[in-house]
Amino acid sequence: MSEYHETYEAWRRDPEGFWADQAKEISWDKEWDTVLDTSTYPNGQWFAGAMCNTAYNCLDRHVDGGRGDQPALIYDSPVTGSSKTYTYAELRDEVATLAAVLEDMGLSAGDRAIIYMPMIPEAAMAMLACARIGVIHSVVFGGFAAHELATRIDDAKPKAILLASCGIEPGRVVAYKPLVDEAIAQAGHKPDRCLVLQREMEQAEMTARDLDWAACIDTARTSLRKADCVSVKATDPLYILYTSGTTGQPKGVVRDNGGHMVALNWSMKAVYGVDAGDVFWAASDVGWVVGHSYIVYGPLLAGCTTVLYEGKPVGTPDAGAFWRMISDYDVRVLFTAPTAFRAIKQQDPDGDLVGKYDLSAFKMLFLAGERADPPTVQWAEDRLGVPVIDHWWQTETGWAIAANPAGLGLLPVKHGSPTVPMPGYDVHVLDDAGHEVASGETGSIAVKLPLPPGCLPTLWENDARFREAYLDEFPGYYKTADAGFRDEDGYLFIMARTDDIINVAGHRLSTGGMEEVLAAHKDVAECAVIGVADDLKGQLPLGFVVLKAGADRAADEIERECVALVRHEIGPVAAFKTVVVVKRLPKTRSGKILRGTMSKICDNEEWKMPATIDDPAILDEITAAVTERGYASGRNQ
Ligand code: COA
Ligand code: AMP
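Just so it is clear, the structure is predicted and the values come from calculations on it, not from any experiment.

A. Broad picture of the packing of aromatic side chains. Under the criterion given, the structure shown has 35 aromatic pairs. Ring centres of Tyr272 and Phe335 lie 6.0 Å apart, and the angle between their planes is 25°; this geometry places the pair in the stacked category. Residue Tyr272 is found in the loop between helix H9 (258–270) and strand E16 (279–282), and its partner Phe335 is found in strand E18 (residues 333–336); the two are separated by 63 residues along the sequence. Each member of the pair, Tyr272 as well as Phe335, is classed as buried.

B. Expanded view of the domain arrangement of the protein. By domain assignment, the protein separates into domain 1 (4–311 + 391–448) and domain 2 (501–628). Each of domain 1 and domain 2 has a C-alpha centre, and the two are 34 Å apart. Taken residue by residue, the interface counts 18 residues in domain 1 and 15 residues in domain 2. Both sides of the domain 1 and domain 2 interface together cover about 1300 Å² of buried area, and 48% of this is carbon and sulfur. The interface formed by domain 1 and domain 2 holds one salt bridge in total. Note that Glu396 and Arg508 form a salt bridge whose closest N and O atoms lie 2.8 Å from each other. Between the two partners, domain 1 and domain 2, sit six residue pairs in polar contact (both at pLDDT 80 or more).

C. Region of interest: the site of ligand 1. Around ligand 1 sit 23 residues in total, of which Glu169, Arg172, Lys537, Arg567 and Lys577 are the nearest. Between Lys537 and ligand 1, the recorded distance is 2.9 Å, taken from a side-chain N or O atom to an oxygen atom. Looking at the shell around ligand 1, the elements that each hand over two or more residues are strand E10 (172–175) and helix H12 (338–347). Classifying every residue of the shell around ligand 1 gives eleven nonpolar, six polar and six charged.

D. Fine view of the state of the cysteines. According to the stated counting rule, one finds zero disulfides in the structure shown. For the unlinked cysteine Cys52, the closest cysteine sulfur is that of Cys229, found at 11 Å. The thiol of Cys58 is not disulfide-bonded; the next cysteine sulfur, from Cys229, is found 9.9 Å away.

E. Representation of helix H10 (residues 289–301) within the structure. Most of H10 is tucked away: 13 of the 13 residues are buried. A positive phi of about 75° marks Gly303, the residue just after H10.

F. Inspection of the environment of Val581 at higher detail. Among the structural elements, Val581 can be located in strand E31 (residues 579–581). Sequence spacing of Val581 and Lys522 is 59 residues, and the spatial spacing of their C-alpha atoms is 14 Å. Setting aside chain neighbours within four positions, we find Val581 in contact with Val545, Leu547, Ala555 and Glu559.

G. Just the pairing of E18, in detail. Every second residue of E18 is oriented toward a common face, with Val333 and Phe335 on one face and Leu334 and Thr336 on the other, all of them buried. Where E16 meets E18, three bridges bridge the pair, whose relative direction is parallel. Bridging from a neighbouring strand, Trp281 pairs with Leu334 of E18. Read as a crossover between parallel neighbours, the route from E18 over H12 to strand E19 (residues 364–367) is right-handed.

H. Highlighting the pairing of strand E15 (residues 251–256). Extensive coverage of E15 is indicated by the burial of six of its six residues. The two faces of E15 match: Lys251, Val253 and Arg255 on one face and Gly252, Val254 and Asp256 on the other face are all buried. The sheet contact formed by strand E14 (residues 237–243) and E15 spans six bridges and is antiparallel. Bridging from a neighbouring strand, Thr243 pairs with Lys251 of E15.

I. Structural detail: the nonpolar core. Within the largest apolar cluster, 126 residues are counted, with the highest numbers of intra-cluster contacts made by Phe47 and Tyr297. Ranked by residue count, the leading element in this core is helix H5 (residues 121–132), at nine residues. Dropping the residues within four chain positions of it, Phe47 is found in contact with Trp19, Ala20, Ala23, Trp28, Trp32, Thr34, Val35, Ala234, Gly258, Gly259, Val262 and Pro453. By size, the runner-up hydrophobic cluster in this structure holds 40 residues, among which are Val140, Ala183, Val504 and Ala575.

About the thresholds
Residues numbered from 1 in each chain as written. Chains lettered and ligands numbered in written order. Predicted model: local features only at pLDDT ≥ 70, side-chain atom pairs only at ≥ 80, totals over all residues. Heavy atoms only, no water. Phe/Tyr/Trp six-rings, centres within 6.5 Å; stacked < 30°, edge-to-face > 60°. Helix = DSSP H or I, 4+ residues; strand = E, 2+ residues; numbered from the N terminus. Buried < 20%, exposed > 50% of the residue type's maximum accessible area, 1.4 Å probe, protein only. Domains from an automatic or database assignment. Contact = heavy atoms within 4.5 Å. Buried area = accessible area lost by both parts, 1.4 Å probe. Salt bridge = Lys/Arg side-chain N within 4 Å of Asp/Glu carboxyl O. Polar contact = N/O pair within 3.5 Å; in protein donor to acceptor, adjacent residues only side chain to side chain. Near = heavy atom within 4 Å. Nonpolar A, V, L, I, M, F, W, Y, C, P; charged D, E, K, R; others polar. Disulfide = S-S within 2.5 Å. Pairing = 2+ DSSP bridges. Right-handed = clockwise from strand over helix to strand, strands pointing away. Core = buried A, V, L, I, M, F, W, Y, C linked by side-chain atoms within 4.5 Å.

The structure is reproduced here in structure tokens:
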């Protein structure tokens, strides 16, 4: 039996004992009364009764334990030409000072703060400063527009917003402050204060509500103000992270303190095979779950050195950027999305730039965020000569549901599979009636309750939506909304979403949310948005609109307005660039739009005429319209 199988069986025999053992690696202010309390949430709450502080475990614990001089965070920013390293002692002091500023702003445990910042050290410090004083943070990705930010402000009701004056995208500076101001103007809830970090590339205009970050830090430093760690319940929320649901209303995924620390700390060694002192780099963004778990919390809990990279895999300055980083900082493990490797492969197909750098410290590449397509995995294996490990998880789970656990001895890699379930996850593949399907057969992937530590206990102030979205369809299970199969060796294959979520460059987006925006255009009567395959980003959204009777302006003018509207309402991250005006949308006799068939037509996959279609001729019209736009037409069987 492999170490993985032994570990998985040990967990199965005694799930609570297994996690109680892992919890010994964490410092608790008070031990738990119950390892798993099932009396409150349907999904249970881990380490109920325990008291702890996540920032203490990420920073102070290591300083007290003798790691004060070890690098904790390396910031490297090719877009500004700067870099800086913070030791554990330095990062702890920065965080304690910023936490004092937050206290002076009137924030205390249980309050919420929204963080809208680019990939700069202060973003991680802001998260940790909130954690230090029990403030619940909610980081919003910089590529989201004001309206998305407003939705999150109204849901989380933050007392303060922490922001930087700008982010830097290749070729343009994105001013963040006007977006925040517009979001606050749109939102019903108004935060008391904004703490604004002025970056030299863009000075934000300040209002009476705004405080200058640098000035506040200076004042706190001069008066030697530092905030102590506040002991919170293990079950208290550490953060809320909004993720796309099936409508324009994002889901506020709640992460607790105690279970989250236990799971992430375990995963660093068992899944990623790293120890304290190793350099771990997740090339993602703090706005996504990967950034929360593996840029900030996971590596710091484990005493690693984490890397925060303000740049892209290509163009900053070239497709050798990742190799330069690995070589400069002796990165042991890199974690990124397959799309980053597709971008590198596109620009440097033979991997010539790899040879320019010393990658001797580099031991493993982890991929997640979207399906790792076998050609990309093969390319990375050939060029890098290290194991390339696909693993599968979601914002909701916070860490890997399935992986090939490097710390437990790698299992043979099968391209296209994120390998096997991790301890904590009892994964089942179910048919529509909730019965297990045979191996090799595709079904809905569900995890038997309870979920392990680290996974969401609920959605922010919305238990009803939590149940409805995740628990109701398969009683006793958590519905992942992913479809796939398990092969005879027990390897999982994750093939598609079962809802309207699409995955664009590793970013999770709701086509339903985009449809809501299009439907608000004054000339649009009806619309549909589908995901179509894209060589670089995996998927791209494609919109279809039917105009209202009497809308007599040129179709291309309305199409341009629709594209601009989605960019304005959702943000550039939606990568919504194409919309097609059509006369009618294909529907079933009961009025359901046949989005799946439309996707197949656009992707040149074989498709069957749906038996319930209202008017088959509409599919010919759709085929003609998308063929004209360069999408491949499908072949009717
Ligand atoms: N603030 C403002 N705008 C942002 C932004 C941010 N933080 N992040 C992205 N954007 C903008 C981009 O500039 C782009 O705008 P454009 O339409 O004007 O070109 C748009 O949002 C889409 O961004 P993205 O999807 O990142 O595409 P890209 O073409 O800029 O880059 C990749 C493509 C593959 C290089 C890029 O997606 C990447 O590096 N991915 C790495 C994987 C990753 O981060 N995954 C996250 C989950 S692990
Ligand atoms: P997010 O919540 O943004 O992390 O997106 C989670 C979704 O991304 C999952 O539900 C999957 O649809 C997809 N995903 C993430 N990792 C993988 C993977 N390794 N293989 C296939 N799909 C993945």
